[in-house]
Amino acid sequence: MTEAAKFVLGDKNAELQLRHGTIGPDVVDIASLYKNTGLFTYDPGFTSTASCESKITYIDGDEGVLLHRGYSIDQLAERGDFLETCYLLLYGELPTAHEKEDFVYRVTRHTMVHEQMSRFYTGFRRDAHPMAVMVGSVGALSAFYHDSTDITDPHQRMVASIRMIAKTPTLAAMAYKYHIGQPFVYPRNDLTYAENFLHMCFAVPCEPYHINATLAKAMDRIFILHADHEQNASTSTVRLAGSSGANPFACIAAGIACLWGPAHGGANEAALNMLGEIGTKDRIPEFIARAKDKNDPFRLMGFGHRVYKNYDPRAKIMQQTCHEVLDELGIRDDPLLEVAMELEHIALNDEYFVEKKLYPNVDFYSGITLKALGFPTEMFTVLFAVARTVGWIAQWNEMIEDPQQRIGRPRQLYTGAPRRDYLGIDQRG
Ligand code: CMC
């Protein structure tokens, strides 16, 4: 007998099938509810709604667990590397040595962008936010790579996916170089993914750039930690845009636009700005009080998460990476780090934060780390976008291959004016 939930309201009733995942909460399948009862469900912010079936990422927010294809983020970050994580997200399994070599080769051979893209960049103002440039330039890829925009062809979909993973670092580095008025630096295929990115961002034509292995490792880890995160706002945006059949480059540009917001990917930039604003440890109580004050819109940036009601597992690894980078660079007594550590300590012991289960999230320590690596705050969300590109594209592929896939079309609770007659302008008043 199939399990079903019963819905009864007056004379309306419906049997709603229960569906089980491998782990995590079961779902009540309400797809037939409207047909059988004429009722919609209402869930702004999707706090109780599973929007799709997925095999890619699992989060247990209460326990602070994040798994990609069943592997914990701790193990992937400790023992793997970013391109291996990309392979895992895209194909569902960790690669064999041969598969990895082939994948790395394919990504590496796609790192250059069409030369005309550089002229596209010069149309932007120098002071444009690099995320604005990313939304435009990633969207523009669809105008350059027509041979990978037929979404019905699995081969073209995979070519588009590899292109996207390979080219977003190049576009991000170009956005940075344009912003600071330095010449673009071409990718170097003898370097690893993270090394190449640091090289494209920080090398200049007039002197050699030496890769620091510890910093490259930290960069790679930051990419792993941000690679995918289930059906968050930007991923849902990519899926929704893709559900209409839009091409993958346009869908990823939509995801980047969504990621930009301070409640999402923009939080790492906002967290660092906040630490700077607090400035010294003695001012922390003032900011804690503001965060607790219902009449003050201020929030502790880098704290709280829609899903994690425990320590964000990515934040723990990020904190460790942050210390490794600061040690390597000999940055001791960093005032921002001091404020961050003290703020974390106070917030974790404060009744308000404890009761609401507000823990530091991944963005709390990533800002300090990225600053130490040499990135200006405007670039932080761009780096998040580079890393998340694989998650977006893996989720997009999964959606296209899902036989249940239809255009996403939510409904609404209409609270506007009921039907009324049009009045001529002389009759209004
Ligand atoms: N500081 C102070 N109070 C907070 C905070 C915070 N950072 N976050 C949530 N609260 C309070 C909030 O006022 C509310 O209180 P009440 O129940 O009394 O009204 C309660 O906690 C629940 O908050 P919510 O806004 O209903 O929760 P949400 O799930 O809608 O929001 C969030 C999640 C991440 C947007 C929110 O915690 C926030 O704005 N945090 C700061 C921004 C941030 O760090 N974002 C990065 C998220 S992780 C990276 C990513 O995945 O993009």
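Up top you'll find the structure we're talking about.
Along each chain, residues carry numbers from 1 onward, in the same order as the chain's sequence is written. Local features are withheld for residues below a pLDDT of 70 in this predicted model, meaning they are given only at 70 or higher, and side-chain atom pairs are given and counted only at 80 or more; totals for whole chains, interfaces and linings count all residues. As a rule here, side-chain values come from all non-hydrogen atoms in the structure, and water together with hydrogens is ignored.

A. How the structure looks around the pattern of salt bridges. Salt bridges are identified by distance alone: a Lys or Arg side-chain nitrogen within 4 Å of an Asp or Glu carboxyl oxygen. Considering all chains together, one arrives at 15 salt bridges under this definition. Glu286 serves as the salt-bridge partner of Arg283, at 3.3 Å between the closest nitrogen and oxygen. Exposure classes here rest on a 1.4 Å probe applied to the protein chains alone. A residue is buried below 20% of its type maximum, exposed above 50%, and partly exposed in between. The class of Glu286 is partly exposed, set by a relative accessible area of 41%. Close ionic contact of Lys292 with Asp350 constitutes a salt bridge, the shortest N to O distance being 3.0 Å. With Lys292 in helix 13 (residues 284–292) and Asp350 in the loop between helix 15 (335–349) and helix 16 (351–355), this residue pair connects regions lying 58 residues apart in the sequence. Among the residues examined, Asp350 registers a relative accessible area of 14% and is labelled buried. Each helix is a run of H or I in the DSSP string that is no shorter than four residues. Each strand is a run of E no shorter than two, and both are numbered from the N terminus.

B. Local environment of the site of the ligand. Proximity criterion: a residue is near a molecule or strand once any of its heavy atoms comes within 4 Å of it. Inspection of the region around the ligand gives 19 residues, with His264, Leu300, Gly302, Arg306 and Lys356 positioned closest. Polar contacts, as used here, are pairs of N or O atoms within 3.5 Å; protein pairs need one atom able to donate a hydrogen and one able to accept it. Residues neighboring in sequence count only if both atoms are side-chain atoms. Leu300 places a polar main-chain atom, nitrogen or oxygen, 2.7 Å from a nitrogen atom of the ligand. A distance of 2.8 Å separates an oxygen atom of the ligand from a polar backbone atom of Gly302. Taking 930 Å² as the accessible area of the ligand by itself, protein coverage stands at 74%. Ten residue types, Ala, Val, Leu, Ile, Met, Phe, Trp, Tyr, Cys and Pro, are classed as nonpolar, four, Asp, Glu, Lys and Arg, as charged, and the remainder, Gly among them, as polar. Each residue belonging to the shell around the ligand can be placed in one class, and the counts come to eight nonpolar, six polar and five charged. Residue exposure ignores everything except the shown protein chains as possible cover, and the areas themselves are Shrake-Rupley values with a 1.4 Å probe.

C. Just the side chain of Lys177, in detail. Within the secondary structure, Lys177 is located in helix 7 (residues 154–180). Of the buried charged residues, Lys177 lacks a salt bridge, with Glu207 as the closest side chain of opposite charge at 9.9 Å. The contact criterion used throughout is that any non-hydrogen atoms of two residues lie within 4.5 Å. Excluding residues that lie within four positions of it along the chain, Lys177 makes contacts with Arg126, Gln182, Pro183, Phe184, Val185, Met200, Cys201, Phe202, Ala203 and Val204. Neither His nor the chain ends contribute to the count of charged residues, in which Lys and Arg are positive and Asp and Glu negative.

D. Region of interest: the environment of Ile224. Inspection of the secondary structure puts Ile224 in helix 9 (residues 213–225). By relative accessible area, Ile224 is classed as buried at 0%. Contact partners of Ile224, with chain neighbours within four places excluded, come to Ile73, Leu76, Ala77, Gly80, Asp81, Phe82 and Thr85.

E. Up close: helix 4 (residues 97–108). With twelve residues, helix 4 should reach 16 Å at 1.5 Å per residue; the first-to-last C-alpha distance of 16 Å fits that figure. Of the positions making up helix 4, those classed as buried are Phe103, Val107 and Thr108. When helix 4 is viewed along its axis, its buried side chains cluster within an angular range of 125° and face the same direction. Those residues of helix 4 that are exposed and angled more than 90 degrees off the buried face are His98 and Glu101. Those residues of helix 4 that are buried lie in contact with helix 3 (82–91), helix 7 and helix 8 (193–202). Working rule for helices: expected span equals 1.5 Å times residues minus one. Here the arc refers to the set of directions running from the helix axis out to each C-beta atom.

F. Region of interest: helix 12 (residues 267–278). The end-to-end C-alpha distance of helix 12, which contains twelve residues, comes to 16 Å, matching closely the 16 Å that a straight helix rising 1.5 Å per residue would cover. All of the buried residues along helix 12 are Ala267, Asn268, Glu269, Ala271, Leu272, Met274, Leu275 and Ile278. Buried residues in helix 12 make contact with helix 13, helix 15, helix 17 (362–373) and helix 18 (380–401). Where helix 12 ends, the next residue or the one after it, Gly279, has phi of about 75°, a positive value.

G. Seen up close, the sheet that holds strand 4 (residues 57–60). Here we have three strands laid out as an open sheet, ordered 4-5-6, and antiparallel in their pairing. In the strand order of this sheet, the two ends are held by strand 4 and strand 6 (71–72), each with one partner. As paired elements, strand 4 and strand 5 (residues 65–68) share four bridges and run antiparallel to each other. Among the inter-strand pairings, Tyr58 is bridged to a residue of strand 5, identified as Leu67. Any two strands between which DSSP finds at least two bridges are classified as paired.

H. Summary view of the pairing of strand 2 (residues 12–19). Pairing between strand 1 (residues 4–9) and strand 2: six bridges, direction antiparallel. Bridging across to strand 2, Lys6 finds its partner in Glu15. Hairpin connection between strand 1 and strand 2: a loop of two residues separates the two successive antiparallel strands, and Gly10 in this loop has a positive phi of roughly 60°. Pairing geometry for strand 2 and strand 3 (residues 27–28), over two bridges, is antiparallel. Bridging from a neighbouring strand, Leu18 pairs with Val28 of strand 3.

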